[in-house]
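Here is how the chains run, residue by residue.
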Amino acid sequence: MKSFRIALPMWMAHLPGQHYDVRLTAPDGYRAQRPYSIASSPLDAGEVELTIDRLEDGEVSPYFHDVIVEGDEVELRGPFTSYFVWRGESPVLLLGGGSGVVPLMSMLRHRRRVMSEVPMRLLYSVRTGEDVIYADELGDDAVLTFTKTSPEGWEGHTARLDERLVSEQASPFLGGLAFLCGTNGFVEAASPLLLEAGLPAQQIRTERFGPTG
């Protein structure tokens, strides 16, 4: 995973949870386009941060990881709106699996800067300590669980999301919204746990992604 700060000459403020489409055009005219969630707060005027996972068979992500250098230009379209956006509702529970934490980080960063009084918690499921994105930014408003190998000395959660863990974390947020983002499998597994915890379906917003890059 790498994060890229991109200056936008025609910048407009986004909503936390939105994404941009990134388009690359080869010399022969071939085009490849992929959507990437915005990780930065809307307060970062004039630029956006995109966090991109490198996929070996991808068409766009390897270019960002292996080719692009500071000062290069890329084509972006957006930001695009969906129902997966945070507009200041309270309270808010965020559930992310792996790189699904990226749009949730935009929400968490923005809340810390402008609405710190809003109860918000991130429940973040990752395989290993090396897989944690934004590790230096995760504080008391984040709860991690490691599904494969936990860091040395870790005394927290060490399993996949289950009914006990989700119910425990969701309890203070039953009157608000839950944002759930990850792979298809992660979303399919976590959605019923939120329902069992007492969150109505209309208060759960999901975003899922497949292995395209």
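That block above? That's the structure.
Residues numbered from 1 in each chain as written. Predicted model: local features only at pLDDT ≥ 70, side-chain atom pairs only at ≥ 80, totals over all residues. Heavy atoms only, no water.

Concerning the pairing of strand E4 (residues 47–52)
Of all six residues in E4, five are buried; the element is thus mostly enclosed. As judged from the six bridges shared by strand E1 (residues 2–7) and E4, these two strands associate in the antiparallel manner. Its bridge partner being in E4, Arg5 is matched across the sheet by Glu49. (Buried < 20%, exposed > 50% of the residue type's maximum accessible area, 1.4 Å probe, protein only. Helix = DSSP H or I, 4+ residues; strand = E, 2+ residues; numbered from the N terminus. Pairing = 2+ DSSP bridges.)

Notes on the sheet that holds strand E7 (residues 120–128)
As a general point, the strands of a sheet are linked pairwise by backbone hydrogen bonds and lie either parallel or antiparallel. A sheet is described by the order of its strands in space; here five strands give the open sequence E8-E7-E6-E9-E10, paired in parallel fashion. Edge positions in the open sheet fall to strand E8 (142–149) and strand E10 (204–209), since each of these has one partner strand only. This sheet shows a mean twist of 10° between the axes of neighbouring strands, independent of strand direction. Pairing of strand E9 (residues 177–183) with E10 involves six bridges; the strand directions are parallel. Looking at E10, one finds that Gly182 is bridged to Arg208. The strands that helix H3 (residues 163–170) touches are strand E6 (92–97), E7 and E8; relative to E7, the one it contacts most, it runs at about 155°. (Axes fitted to C-alpha atoms, helices over the stretch in contact; angles between N-to-C directions. Contact = heavy atoms within 4.5 Å.)

Details of H3
Buried residues of H3: Leu165, Val166, Gln169 and Ala170, and no others. All buried residues of H3 fall inside an arc of 115° around its axis, so they share one side. Residues of H3 that are buried in the fold lie against E6, E7, E8 and helix H4 (184–197). (Arc of directions from axis to C-beta.)

Looking at the nonpolar core
Leu94, Met107, Leu122, Tyr124, Leu138 and Phe179 are the most contacted members of the largest nonpolar core, which has 26 residues in total. Of all the secondary structure elements, the ones that give two or more residues to this core are E6, helix H2 (101–114), E7, E8 and E9. Of the residues forming this core, the biggest block, six residues, is contributed by H2. Leaving out residues up to four positions away in the same chain, Met107 has contacts with Pro16, Gly17, Phe84, Trp86, Leu94, Met120 and Phe179. One finds Leu165, Val166, Ala170 and Leu193 within the second-largest nonpolar core, a separate group that totals 19 residues. (Core = buried A, V, L, I, M, F, W, Y, C linked by side-chain atoms within 4.5 Å.)

With respect to the sheet that holds strand E2 (residues 19–25)
Pairing within the open sheet is antiparallel, and its three strands lie in the order E3-E2-E5. The open sheet has two edge strands, strand E3 (31–37) and strand E5 (75–80), and neither has a second partner. Neighbouring strand axes in the sheet, compared pairwise and without regard to direction, differ in orientation by 20° on average.

Brief notes about the environment of Leu55
Inspection of the secondary structure assignment puts Leu55 in the loop between E4 and helix H1 (61–66). On the basis of relative accessibility, which here comes to 21%, the residue Leu55 falls in the partly exposed class. Distance from Leu55 to Met1, taken between C-alpha atoms, is 9.6 Å for residues 54 residues apart in sequence.

Re the environment of Leu161
Structurally, Leu161 can be placed in the loop between E8 and H3. Assessed through its relative accessible area of 15%, Leu161 is described here as buried. Beyond its immediate stretch of four places on either side in the chain, Leu161 contacts Leu95, Leu123, Ser125, Thr145, Val166, Phe186, Ala190 and Leu193.

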